[in-house]
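# Residue-level structural notes
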Amino acid sequence: VKHHGALFLNAYAGHPFAPKIAHLVDQAAQKPQWKGIRIALLLPLSGPYAQVGNDIMEGIFYSLHVFDSEEAPASDRLTFEFFPIDTHAHSHNLAEKVSRLIQDESIFLILGPYLTQTHKEIVPIAQKHRIPLLSLAPIEHLELDASTLVVMRPSLNYQLRFMMDYINTHIHTISKLATL
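Let us look at the structure shown here.

Definitions and cut-offs
- Residues numbered from 1 in each chain as written.
- Predicted model: local features only at pLDDT ≥ 70, side-chain atom pairs only at ≥ 80, totals over all residues.
- Heavy atoms only, no water.
- Helix = DSSP H or I, 4+ residues; strand = E, 2+ residues; numbered from the N terminus.
- Buried < 20%, exposed > 50% of the residue type's maximum accessible area, 1.4 Å probe, protein only.
- Contact = heavy atoms within 4.5 Å.
- Areas by Shrake-Rupley, 256 points an atom, 1.4 Å probe, with all protein chains shown as cover.
- Core = buried A, V, L, I, M, F, W, Y, C linked by side-chain atoms within 4.5 Å.
- Lys, Arg positive; Asp, Glu negative; His and termini not counted.
- Salt bridge = Lys/Arg side-chain N within 4 Å of Asp/Glu carboxyl O.
- Polar contact = N/O pair within 3.5 Å; in protein donor to acceptor, adjacent residues only side chain to side chain.

### Thoughts on the overall build of the protein
Within the protein, the secondary structure is distributed over 7 helices and 5 strands. Order of helices (α) and strands (β) in the protein, N terminus to C terminus: α-α-β-α-β-α-β-α-β-β-α-α. Split into buried and exposed, the 180 residues of the protein put 29% on the buried side. Contacts spanning at least 24 positions in sequence make up 48% of the contacts within the protein whose residues lie at least 6 apart. For the protein, the accessible surface area stands at approximately 12,200 Å², while carbon and sulfur atoms represent 60% of it.

This is the structure:
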């Protein structure tokens, strides 16, 4: 609010909303601002899928580094704090670790898990605490609350259905290509 409000006031000082924006900027300057987003990363960081988990984590770190606006002053930038949990090493107590992490660290978002078999434990915990869960694997056969769940990778059935729908809608064009 402080940064964008100040930009607005500098560019549009005579605007009818300028006094209201100035008031909001003053209020924002007086309040301590929360800057951190705490994210639980549930990835296989050891075992047979360790390379995939580490690649995903590296991609997340890179994406958020690029996302961090260099135009905003350092005092206005968001910070991201990550709490990785190795889903392979902690498969026997994953639900317990995630529950404890949510309670102790005020987690804002759960990213993962990567492997489908861990969803039965994690989805109910995320829903109980109303924490958004961005899944990297298809989630099937679970009671889902769509308001807290985003699936990033569709299931095989979805991919096959999508491919067949595409073929059926473009069959004329595809048949012409096949005769070339």
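Read on for the rest.
### Points about the environment of Gly53
You can see Gly53 is positioned in helix α3 (residues 50–67). Take Gly53: its relative accessible area is 0%, and that puts it in the buried class. Residues Gly53 and Leu115 lie 62 residues apart in sequence; the distance between their C-alpha atoms is 10.0 Å. Among residues more than four places away in sequence, those in contact with Gly53 are Leu43, Pro44 and Leu45.

### Overview of the environment of Gln103
Considering the arrangement of structural elements, one finds Gln103 in helix α4 (residues 94–105). Here Gln103 falls in the exposed class, since its relative accessible area comes to 57%. A sequence separation of 26 residues divides Gln103 from His129, and the C-alpha atoms of the two residues are 9.3 Å apart.

### So, the nonpolar core
Formed by 15 residues in total, the largest nonpolar core has its most connected members in Val98, Ile102, Ile107 and Ile110. Where this core is concerned, the elements lending two or more residues are β1 (36–43), β2 (79–86), α4 and α5 (119–129). Looking at which element gives the most residues to this core, the answer is α4, with 4 residues. Residues Leu43, Met57, Leu111 and Tyr114 belong to the second largest nonpolar core, which totals 11 residues.

### Points about the side chain of Asp86
By the element assignment, Asp86 lies in strand β2. Lacking a salt bridge, the buried Asp86 has Lys97 as its closest oppositely charged neighbour, with an N-O distance of 10 Å. Within the local environment of Asp86, its side chain forms a polar contact with the backbone nitrogen of Leu45, the two atoms lying 3.0 Å apart. A distance of 3.3 Å separates a polar side-chain atom of Asp86 from the backbone nitrogen of Ala89.

### Quick notes on unusual backbone geometry
For the bond running from Gly112 to Pro113, omega is -5°, close enough to zero to count as cis. Secondary-structure assignment places Pro113 in the loop between β3 (109–111) and α5. At Arg130, a residue that is not glycine, the phi angle is positive and equals roughly 55°. Mapped onto the elements of the fold, Arg130 is located in the loop between α5 and β4 (133–135). Using a relative accessible area of 52% as the deciding quantity, one classes Arg130 as exposed.

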